[in-house]
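# Coordinates in review
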Amino acid sequence: AQSVTQLGSHVSVSEGALVLLRCNYSSSVPPYLFWYVQYPNQGLQLLLKYTSAATLVKGINGFEAEFKKSETSFHLTKPSAHMSDAAEYFCAVSRNYGGSQGNLIFGKGTKLSVKP
Amino acid sequence: EAEVAQSPRYKITEKSQAVAFWCDPISGHATLYWYRQILGQGPELLVQFQDESVVDDSQLPKDRFSAERLKGVDSTLKIQPAELGDSAMYLCASSYSRDTQYFGPGTRLTVL
């Protein structure tokens, strides 16, 4: 079975500071990994994805994530936080084969607050 | 840029009533997903379609929930009767290659 654990339900940073959102996954098969962002009362927007190519993945809005198999981690980072980054962030894992291929299993989310 | 459309955006209903949500995926996307997101949690898959066929509905409460995608394009999710615990955001997503899902804006359901 696959699962995702996001460490910290709420992270607060100052504008201009480093953003680090933690995600650890569990999967018995090579996973696909995703980060999505959700603004209040909106759907989810894809930030970036790992699909077994380069381990360092660059996404939109200056975010990037590094796949570390030895640590079963896929942490999301951004060098300098902006006020507009305040939102909820979800890490997700999916199967990359089989009949239910593509089904996403989400973590519980991390709410990012950015202080001026 | 093509988007997944959902309607209505907000729905308030009383318990024991029937409700229905509609989703129109991005054109050409054969795979369609319905998720339920309870406040403060991540989305959870309810049902997955490949064209008009159900691929996975193992988490769909079939005593009250039903989903269809008759022509393999748009889809409807129905709840009958609605219960208080069904209050949540219902998200639709579609994908072309099954490695990236694109989400609609969701329908916020409140059951009174």
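Scroll up to find the structure this text is about.
Here goes a summary of the coordinates provided. Note that the structure is predicted; figures quoted are calculated from it, not measured.

## Here's the deal with the sheet that holds strand 1 (residues 3-7) of chain A
Either a parallel or an antiparallel arrangement is found when strands of a sheet pair, and the pairing is made through backbone hydrogen bonds. Residue and element names in this part refer to chain A. The five strands are arranged 1-3-8-7-6 in an open sheet whose pairing can be described as antiparallel. The open sheet is flanked by strand 1 and strand 6 (56-58), the only strands paired with a single partner. Between one strand and the next, the sheet's axes are offset by a mean angle of 20 degrees, whatever the strand orientation. When strand 7 (residues 64-68) meets strand 8 (residues 73-78), the two strands line up antiparallel, connected through five bridges. Following the sheet pairing, Glu66 is matched in strand 8 by His75.

## Points about the environment of Phe63 of chain A
Residue and element names in this part refer to chain A. Relative to the helices and strands, Phe63 is located in the loop between strand 6 and strand 7. For the pair Phe63 and Gln6, spaced 57 residues apart in sequence, the C-alpha separation works out to 17 Å. Residue contacts for Phe63: discarding those within four places in its chain leaves Val19, Leu47, Leu48, Val57, Lys58, Leu76, Thr77, Lys78, Asp85 and Tyr89.

## Brief notes about the sheet that holds strand 7 (residues 65-68) of chain B
All names here are of chain B. Across the sheet, four strands lie side by side as 1-3-8-7; this open sheet has antiparallel pairing. With partners counted over all chains shown, the strands left at the sheet margins are strand 1 (5-7) and strand 7, one partner each. Averaged over all neighbouring strand pairs, the angle between strand axes comes to 15 degrees, with direction disregarded.

## Thoughts on the nonpolar core
Among the nonpolar cores identified, the biggest contains 26 residues, and Trp35, Leu47, Leu48, Phe74, Leu76 and Tyr89 of chain A are the most heavily contacted of them. Elements with a contribution of two residues or more to this core: strand 2 (10-14), strand 3 (19-26), strand 4 (32-38), strand 5 (44-50), strand 7, strand 8, strand 9 (87-94) and strand 11 (110-115) of chain A. Residues within four places of Tyr89 of chain A in sequence aside, it is in contact with Gln6, Leu21, Trp35, Tyr36, Val37, Leu47, Phe63, Leu76, Gly109, Thr110 and Leu112 of chain A. If you look at the next biggest cluster of nonpolar residues, it comprises 20 residues, including Leu32, Leu46, Ala82 and Val111 of chain B.

## Structural notes on the pattern of salt bridges
Residues and elements named next belong to chain B. Under the criterion given, the structure shown has six salt bridges over all chains. Notably, a salt bridge pairs Asp86 with Arg36, separated by 3.9 Å at the nearest N-O pair. Here Asp86, found in the loop between strand 8 (75-79) and strand 9 (88-95), pairs with Arg36, found in strand 4 (residues 31-37); they are 50 residues apart in sequence, far enough to count as distant. Each member of the pair, Asp86 as well as Arg36, carries the same accessibility label: buried. Across the pair Asp57 and Lys62 runs a salt bridge whose closest N-O atoms are separated by 3.8 Å. One continuous salt-bridge network, built from bridges that share partners, spans Arg36, Arg64, Glu83 and Asp86.

Cut-offs used in this document
The residue numbering used here restarts from 1 in each chain and proceeds along that chain's sequence as written. Chains and ligands are labelled sequentially in the order written, the chains with letters from A and the ligands with numbers from 1. Local features are withheld for residues below a pLDDT of 70 in this predicted model, meaning they are given only at 70 or higher, and side-chain atom pairs are given and counted only at 80 or more; totals for whole chains, interfaces and linings count all residues. Heavy atoms from the whole structure form the basis of all side-chain values; hydrogens and water molecules are not counted. Should DSSP find at least two bridges between two strands, the strands are taken to pair. Strands are runs of DSSP state E lasting at least 2 residues, helices are runs of H or I lasting at least 4, and numbering of each runs from the N terminus. Lines fitted to C-alpha atoms define the axes, with helix axes restricted to the stretch in contact, and inter-axis angles between N-to-C directions lie between 0 and 180 degrees. Residues count as neighbours in contact if any of their non-hydrogen atoms are within 4.5 Å of one another. Each nonpolar core is a collection of buried residues, namely Ala, Val, Leu, Ile, Met, Phe, Trp, Tyr and Cys, held together in the definition by side-chain atoms within 4.5 Å. Exposure categories follow from relative accessible area, calculated using a 1.4 Å probe and restricted to protein chains: below 20% of the type maximum is buried, above 50% is exposed, and the middle band is partly exposed. Definition used for salt bridges: Asp or Glu carboxyl oxygen within 4 Å of a side-chain nitrogen of Lys or Arg.

So, to be careful, I would describe these as geometric facts and stop short of saying anything about function.
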